[in-house]
Every structure is written in structure tokens, then in C-alpha cells.
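So you can see what is in the structure, the chains are spelled out below.
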Amino acid sequence: MTDSTPRLVTAPNLEAPDDFYELLLVTHQGLSTDESHAFNARLVLLLANHVGKLDVLREAIAAARSA
């Protein structure tokens, strides 16, 4: 990777992390397990599309897998 290649941001970067977490919890309320998994998959795909860089997505997948 060169210096100009985008890197995964792993330092705290959420504008309002507690608000986001609450929003995520509220969004899952009333969903079945299957619906919750489907929602998570759609959200991941939307956010991956927003990121758009395969190298960054590879880093994110590796980081999530090793956590």
C-alpha cells in the first residue's frame, strides 16, 4: 500500500457514538433474528458502497474478524 492509498480509520471517529448505538438498537427492536441479520447485511452493503475502496474494505473485514 502506498501513502496515497486510503486506510481504514480505526481511531474513534463517530460524531455521536452513543446516539448511533441507540439508533442501531432501536432499529433492531421488533425484528426477528432473520430480519435482524438481513438488516445488518443491507447496512453493511450500503456502508461498503459508501467506502468504495476494496483495500479499505479488506482491512475492515480483517479487523472485524480478528476482534
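Higher on the page you've got the structure.
Please read these numbers as outputs of a predicted model, since none were measured by experiment. (Residues numbered from 1 in each chain as written. Predicted model: local features only at pLDDT ≥ 70, side-chain atom pairs only at ≥ 80, totals over all residues. Heavy atoms only, no water.)

(A) Looking closely at the overall build of the protein chain. When you go through the protein chain residue by residue, the secondary structure sums to three helices and zero strands. In sequence order, the protein chain lays out its α and β elements as α-α-α. Taking 2.2 N^0.38 as the reference for a compact globule, 67 residues should give roughly 11 Å; the C-alpha atoms of the protein chain span a radius of gyration of 14 Å, well beyond that estimate. If you line up the protein chain on its principal axes, its C-alpha atoms span 45 × 25 × 25 Å. (Helix = DSSP H or I, 4+ residues; strand = E, 2+ residues; numbered from the N terminus. Rg over C-alpha atoms; globule rule 2.2 N^0.38 Å.)

(B) Quick peek at the layout of surface pockets. Within this model, the largest pocket holds a volume of roughly 840 Å³. Together, 24 residues line the largest pocket, and Leu8, Val9, Leu47, Val51 and Ala60 are the ones closest to its centre. Its residues assigned to classes, the lining of the largest pocket shows 19 nonpolar, four polar and one charged. (1 Å grid on protein atoms, 1.4 Å probe; cavity = no way out; pocket = protein on both sides within 12 Å on 5 of 7 lines; lining within 4 Å. Points joined across faces, edges and corners; volume = space filled by probe spheres on them. Nonpolar A, V, L, I, M, F, W, Y, C, P; charged D, E, K, R; others polar.)

(C) Just the pattern of salt bridges, in detail. In the structure shown here, the tally under the stated rule is two salt bridges. With a closest N to O distance of 3.7 Å, Arg58 and Asp55 form a salt bridge. Linking Arg58 with Asp55, this pair stays in helix α3 (residues 54-66), spanning three residues, or about one helical turn. Judged by its relative accessible area of 36%, Asp55 falls in the partly exposed class. (Salt bridge = Lys/Arg side-chain N within 4 Å of Asp/Glu carboxyl O. Buried < 20%, exposed > 50% of the residue type's maximum accessible area, 1.4 Å probe, protein only.)

(D) Representation of the packing of helix α1 (residues 17-28) against helix α2 (residues 33-51). With their axes 10 Å apart at the nearest point, α1 and α2 run at an angle of 135° to one another. One way to sum up the angle between α1 and α2 is to call them oblique. Together, Leu24, Thr27 and His28 of α1 and Ser36, Phe39, Asn40 and Leu43 of α2 make up the contact between the two elements. Of the residues assigned to the contact of α1 with α2, the class counts are three nonpolar, four polar and no charged. (Axes fitted to C-alpha atoms, helices over the stretch in contact; angles between N-to-C directions. Parallel < 35°, antiparallel > 145°, perpendicular 65-115°, else oblique. Contact = heavy atoms within 4.5 Å.)

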